[in-house]
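Chain and residue survey
Chain by chain, the residues run as shown.
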Amino acid sequence: MNYYIDFDNTLYETAKLTSLMIEGISNFVSKTAGKDKQKIFDEVIRGFNSTTGNIFAYAETIASKYGINSDDMRECVESIIDNGKQISFDDAKRFLKRLKSNGHHVTLLTYIPDKSNSDYQMRKIDGSGLKEYFDSIIITPELKFNLDLDYKNGIFIDDDPRDLIGLYEKNPIKVIRIRKRSNKRSKINIDNSNIEEHESFDTITVPKARNYEDSGR
């Protein structure tokens, strides 16, 4: 069976990464330029849009403002991203292991609002420690339900109500919502009882891949 799974806020606690990067940039500026850490932190967090912003370009702007070597600043940010195993949800890793041990084909399907952020997204995936569990990776600036995919033979797992609803309309085998309490999108209700909801991957049933083959699906 083909599983398509979202990355940000589904497998990976993206808000935590943003916090760590903001803190890392602030600490680096404070130590290197001798500035008050809290004032720098307030400035850095106020100026970055985690949804659309490019963290590397933003870090370079901050570095330039305080006369700091931009390469050193970039290395600071990259180090945080590259050590992202702690940011991956433990239950997500257990689920991916179950999928692979049961013989399923697993695709990481992740949306980016700007294609210029694709390198950043790939670096997050590399640092997450989850890449080894995927047979393929799709990073797309297009909406997930407007791609050239075999939707009707797939199971889709996501956290975003927009994507969940759009994917459901493609008539896939199943759409599953991961609704973690820490995710701000979890506050949004979806008026569709056919979209399965789980707070944890641990409660999702994973059949043997051959069960679908035997049933002719």
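Here, every reference points to the structure presented above.
Residues numbered from 1 in each chain as written. Predicted model: local features only at pLDDT ≥ 70, side-chain atom pairs only at ≥ 80, totals over all residues. Heavy atoms only, no water.

**A look at the environment of Ile176**
The residue Ile176 is located in strand S5 (residues 174-178) in this model. Classification of Ile176 by relative accessible area gives buried; the value is 1%. Placed 20 residues apart in sequence, Ile176 and Glu196 show a C-alpha to C-alpha distance of 4.7 Å. Leaving out residues up to four positions away in the same chain, Ile176 has contacts with Ile155, Phe156, Ile157, Asp158, Leu164, Glu196, His198 and Ile204. (Helix = DSSP H or I, 4+ residues; strand = E, 2+ residues; numbered from the N terminus. Buried < 20%, exposed > 50% of the residue type's maximum accessible area, 1.4 Å probe, protein only. Contact = heavy atoms within 4.5 Å.)

**Remarks on the packing of aromatic side chains**
In the structure shown here, the tally under the stated rule is seven aromatic pairs. An angle of 10 degrees between the planes, with centres 4.7 Å apart, marks the rings of Tyr4 and Phe156 as stacked. With Tyr4 in strand S1 (residues 2-5) and Phe156 in strand S4 (residues 154-158), this residue pair connects regions lying 152 residues apart in the sequence. In this structure, Tyr4 and Phe156 share a single accessibility class: buried. A centroid spacing of 5.9 Å and a plane angle of 85 degrees characterise the contact between Phe56 and Tyr120, whose relative ring orientation is edge-to-face. A residue pair is termed long-range when its members are at least 10 positions apart, and Phe56 in helix H3 (residues 55-65) and Tyr120 in helix H6 (residues 118-128) qualify at 64 residues. Feature note: the residues Tyr3, Phe95 and Phe201 constitute an aromatic cluster, connected by ring pairs. When the ring centre of Phe56 is taken as reference, the NZ or CZ atom of Arg74 above it lies at 4.0 Å. (Phe/Tyr/Trp six-rings, centres within 6.5 Å; stacked < 30°, edge-to-face > 60°. Lys NZ or Arg CZ within 6 Å of the ring centre and 35° of its normal.)

**Observations concerning the nonpolar core**
Counting residues in hydrophobic clusters, the biggest one holds 47 residues, and the most contacted among them are Ile5, Leu11, Ile25, Ile55, Phe95 and Leu96. Tallying contributions element by element places H3 first for this core, with six residues. Setting aside residues up to four positions removed in sequence, Ile5 forms contacts with Thr10, Leu11, Phe95, Leu96, Leu99, Val106, Thr107, Leu108, Leu109 and Ile157. (Core = buried A, V, L, I, M, F, W, Y, C linked by side-chain atoms within 4.5 Å.)

**Some words on the pairing of strand S2 (residues 105-111)**
Most of S2 sits inside the fold, with five of its seven residues counted as buried. One ladder, built from four bridges, connects S1 with S2; its direction is parallel. Bridge pairing links Ile5 to Leu108 in S2. Pairing of S2 with strand S3 (residues 136-140), which is carried by five bridges, proceeds in the parallel orientation. When the sheet's bridge partners are listed, Thr107 is paired in S3 with Ser136. Between the parallel elements S2 and S3, the chain passes through H6 in a crossover that is right-handed. (Pairing = 2+ DSSP bridges. Right-handed = clockwise from strand over helix to strand, strands pointing away.)

**A few points about the pattern of salt bridges**
One pass over the structure, following the stated rule, counts 20 salt bridges. Two residues, Arg162 and Asp160, come together in a salt bridge whose shortest N-O distance is 3.9 Å. Judged by its relative accessible area of 37%, Arg162 falls in the partly exposed class. On the basis of relative accessible area, Asp160 is assigned to the buried category, the value being 11%. (Salt bridge = Lys/Arg side-chain N within 4 Å of Asp/Glu carboxyl O.)

**Some points on the environment of Tyr120**
Its relative accessible area of 11% is what places Tyr120 among the buried residues. Measuring from C-alpha to C-alpha, the distance between Tyr120 and Lys85 comes to 16 Å, with 35 residues separating the pair along the chain. Setting aside residues up to four positions removed in sequence, Tyr120 forms contacts with Leu17, Met21, Ile55, Phe56 and Ile81.

**Side note on unusual backbone geometry**
The phi dihedral of Asn9 falls on the positive side, at around 70 degrees, and the residue is not glycine. Along the chain, the position of Asn9 falls in the loop between S1 and helix H1 (14-33). Even without being a glycine, Asn171 presents a positive backbone phi close to 60 degrees. Along the polypeptide, Asn171 turns up in the loop between helix H7 (161-168) and S5. We classify Asn171 as exposed; its relative accessible area is 52%.

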